[in-house]
Amino acid sequence: MPTKIEKDALTGRHTTGHEWDGLQELNTPLPKWWLYTFIACCIFAVGYIALFPSIPYGRDYFHGWLQASSRTAVDADVKALEAQRAFSMDKIKYTPIAQVKDDPKLLAVATAAGRIAFANNCQPCHGAGGEGRVGYPSLADDTWLWGGTLADIQQTITYGIRSGNDRARNSVMPNFGAGGLLTPAQIEAVADFVWGAFYGHAAEGQDLSKGRAVFAENCAVCHGANGEGSRTVGAPPLKSAVHLYGDLRAAIVAQVTNPRMGVMPSWEKKTNITGLDEATIKSVAIYVHALGGGE
Ligand code: HEC
Ligand code: HEC
């Protein structure tokens with residue numbers, strides 16, 4: 001029950017008029033600074049709700065009078081970046097590959113684009129760092145089947161190897177075993193020779209003369225008299241520390257009996273819908289060239 005409002009003797013404030021068992025409540029108003037801050041916050045909130053995305057309704061929401069959205073801001077940033085990159089990629093397309101490499105700005109764009117294109121398209125076969133694996137040559141060492149200059153690499157990537165593209169790098173190692181060109185004994189002998197003389201696993205005093213003769217007659221045309229290989233036919237160097245099909249005598253026998261004839265796809269956009277545009281091919285060639293074996 002409200003009783004009468006009176007002045008409190010101790011504080012000099014008025015009471016509210018409420019009383020409980022003789023206890024009276026003092027009327028203590030909010031401090032002015034608190035009150036004004038509170039009112040300012042309310043005004044700010046109303047303004048904020050009006051200007052910025054705020055009230056949700058159903059599937060949509062009130063977008064605010066300013067139409068502000070961090071997504072639109074990001075979209076705009078991405079568009080600007082794409083435009084800038086498109087300009088550089090266009091420039092890469094019309095600049096000879098060697099000149100792209102000499103232009104630090106273009107080189108930076110090409111290397112970045114090449115790294116992404118490599119990870120998306122080449123990594124499954126050639127490994128994340130281009131280290132290769134059995135049947136898929138390493139692109140990071142200086143042993144090349146077809147050549148390691150920028151132009152060589154660009155050509156290999158564009159048209160592929162035995163890819164079916166008209167301009168693909170093509171060569172066929174004869175089918176010596178299944179084709180009946182060599183007897184099993186001759187194949188064993190030539191494998192002994194290649195394994196011993198070129199791969200470096202000859203046993204003490206092993207007689208390799210039989211295999212040497214078979215090699216000179218049948219293999220040296222492509223692989224070179226001293227096993228140095230030939231880039232015109234993509235015949236791997238046999239006298240090498242790196243072997244496409246592994247450092248195994250059995251791999252030599254298998255290859256001579258029935259050659260694997262690895263296929264590298266063509267990435268030419270014109271003939272392959274999942275191919276890469278010219279600027280991206282140049283970029284990935286520059287990236288591969290820089291992996292460590294570029295000539
Ligand atoms: C489907 C597997 C596959 C994919 C994907 C692939 N390659 Fe190859 N690539 C090969 C094979 C196999 C060879 C070796 C062919 C042979 O036996 O001569 C090769 C050879 C090459 C060579 C020649 C190496 C040399 O020593 O001369 C280059 C360069 C190359 N690839 C680059 C690339 C790049 C760059 C990409 C991605 C755009 C790519 N490859 C994607 C399988 C692949
Ligand atoms: C017409 C050219 C040609 C002739 C002739 C030829 N080769 Fe080859 N050889 C190739 C090519 C091309 C490749 C790689 C192709 C592939 O991917 O299978 C190759 C690959 C090899 C490899 C795998 C090398 C590695 O790094 O793993 C061996 C081993 C080999 N040849 C041995 C021989 C022997 C031995 C003979 C003779 C009996 C011979 N070749 C004759 C073209 C030839």
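Just so you know, the residues in each chain are numbered from 1, in the order the chain's sequence is written. Whichever chain is written first becomes A and whichever ligand is written first becomes 1, with later ones labelled in order. Given that the model is predicted, a residue must reach a pLDDT of at least 70 before its local features are reported, and side-chain atom pairs must reach 80 or more before they are shown or counted; all residues, however, enter totals for whole chains, interfaces and linings. As a rule here, side-chain values come from all non-hydrogen atoms in the structure, and water together with hydrogens is ignored.

Structural notes on the coordination of the iron atom of ligand 1
The rule for donors is simple: N, O or S, within 2.8 Å of the metal, or within 3.2 Å if the metal is Na, K or Ca. Water isn't counted, so a site may look like it is missing partners. Ligation of the iron atom of ligand 1 by protein atoms is provided by H126 (NE2) and M264 (SD), these donors lying 2.0 to 2.1 Å from the ion. Note that the iron atom of ligand 1 binds 6 donor atoms; their angles at the metal cover 88 to 179°, and the shape is octahedral. Linking H126 in helix α5 (residues 123-126) with M264 in the loop between α10 (249-257) and α11 (278-289), this pair joins segments that are 138 residues apart in sequence. Think of it in three bands: residues with accessible area under 20% of the maximum for their type are buried, residues over 50% are exposed, and the middle band is partly exposed, with areas taken using a 1.4 Å probe on protein chains only. You can call H126 buried: its relative accessible area is 10%. Its relative accessible area of 15% is what places M264 among the buried residues. Note on geometry labels: four donors, all angles 85 to 135 degrees, give tetrahedral; four donors become square planar and six octahedral when opposite donors are over 155 degrees apart and every other angle is between 65 and 115; remaining cases are irregular. In this description a helix means any DSSP run of H or I spanning at least four residues, a strand means any run of E spanning at least two, and both kinds are numbered starting from the N terminus.

Considering the site of ligand 1
For this purpose, a residue is taken to be near a molecule or strand whenever a single non-hydrogen atom of the residue falls within 4 Å of it. As a matter of local geometry, ligand 1 sits amid 23 residues, with C122, C125, H126, L145 and M264 nearest to it. Between a nitrogen atom of ligand 1 and a side-chain N or O atom of H126, the distance comes to 2.8 Å. Polar contacts, as counted here, are pairs of nitrogen or oxygen atoms within 3.5 Å of one another; within protein the pair requires one atom able to donate a hydrogen and one able to accept it, and residues that are adjacent in sequence qualify only if both atoms are side-chain atoms. A distance of 2.8 Å separates an oxygen atom of ligand 1 from a polar backbone atom of W146. When residues of the shell around ligand 1 are traced back to their parent elements, those giving at least two are α5 and α6 (150-159).

Topic: the coordination of the iron atom of ligand 2
Within the first shell, the iron atom of ligand 2 binds the protein through M173 (SD) and H223 (NE2), at distances of 2.0 to 2.2 Å. Around the iron atom of ligand 2 sit 6 donor atoms; with metal-centred angles ranging over 87 to 178°, the donor geometry is octahedral. In this pair, M173 is assigned in the loop between α6 and α7 (184-198) and H223 in helix α9 (residues 220-223), connecting sequence segments 50 residues apart. We note that M173, like H223, is buried.

Here's the deal with the packing of aromatic side chains
Note on aromatic pairs: the rings of Phe, Tyr and Trp (six-membered ring only in Trp) are paired at centre separations within 6.5 Å, and the planes decide the class, stacked below 30 degrees, edge-to-face beyond 60, tilted for the rest. All chains considered together, the criterion is met by 8 aromatic pairs. Arranged with centres 5.9 Å apart and planes meeting at 40°, the rings of F44 and Y48 form a pair that is tilted. Here F44 pairs with Y48, and both are found in helix α1 (residues 32-51), just 4 residues apart, close to one helical turn. Using a relative accessible area of 57% as the deciding quantity, one classes F44 as exposed. Its relative accessible area of 40% is what places Y48 among the partly exposed residues. Measuring from ring centre to ring centre gives 6.2 Å for W195 and Y199, while their planes differ by 50°; the resulting arrangement is tilted. Exposure class is identical for W195 and Y199. Each is buried. Feature note: the residues F44, Y48 and F52 constitute an aromatic cluster, connected by ring pairs.

Structural notes on the layout of surface pockets
A volume near 240 Å³ is recorded for the second largest pocket. Looking at the second largest pocket, the residues that line it are L81, Q84, R85, F87, S88, K91, D103, K105, L106, V109 and A112. Looking at the lining of the second largest pocket, the elements with two or more residues in it are α2 (70-94) and α4 (104-121). No other element matches the 6 residues that α2 contributes to the lining of the second largest pocket. Cavities and pockets are defined on a 1 Å grid built over the protein atoms alone: a cavity is a set of grid points where a 1.4 Å probe fits but cannot escape, while a pocket is an open set with protein on both sides within 12 Å along at least five of seven lines, and lining residues are those with an atom within 4 Å of any such point. Grid points are joined across faces, edges and corners, and a volume is the space filled by probe spheres set on the points.

Regarding the site of ligand 2
Surveying the vicinity of ligand 2 reveals 26 residues, the closest of which are M173, C219, C222, H223 and Y245. The separation between a nitrogen atom of ligand 2 and a polar side-chain atom of H223 is 2.8 Å. In this structure, an oxygen atom belonging to ligand 2 sits 3.0 Å away from a side-chain N or O atom of Q255. Looking at the shell around ligand 2, the elements with two or more residues in it are α9 and α10. The element best represented in the shell around ligand 2 is α10, accounting for 3 residues.

A word on the domain arrangement of the protein chain
We note that the domain assignment places domain 1 (81-168 + 264-289) and domain 2 (184-257) within the protein chain. In this entry, domain limits derive from an automatic or database-based domain assignment. Taking only C-alpha atoms, the centre of domain 1 and the centre of domain 2 are 32 Å apart. Residues are treated as being in contact if the distance between any of their heavy atoms lies within 4.5 Å. Contacts between domain 1 and domain 2 engage 12 residues on the former and 11 residues on the latter. Salt bridge, as used here: a side-chain nitrogen of Lys or Arg that lies within 4 Å of a carboxyl oxygen of Asp or Glu. Here domain 1 is connected to domain 2 by 0 salt bridges. Applying the counting criterion to the domain 1 and domain 2 interface returns 1 residue pair in polar contact (both at pLDDT 80 or more). When residue character is reported, Ala, Val, Leu, Ile, Met, Phe, Trp, Tyr, Cys and Pro are called nonpolar, Asp, Glu, Lys and Arg charged, and the others, Gly included, polar. The residue makeup of the side of domain 1 that touches domain 2, split by class, is 6 nonpolar, 4 polar and 2 charged.

A word on the nonpolar core
A general feature of soluble globular proteins is that nonpolar side chains tend to end up buried together. Grouping buried Ala, Val, Leu, Ile, Met, Phe, Trp, Tyr and Cys residues that are joined through side-chain atoms within 4.5 Å yields what is termed a nonpolar core. Formed by 31 residues in total, the largest nonpolar core has its most connected members in I92, F118 and I157. By residue number, the principal contributor to this core is α11, which donates 7 residues. Excluding anything up to four places from it in sequence, I92 contacts V100, L106, V109, A110, A279, K282 and S283.

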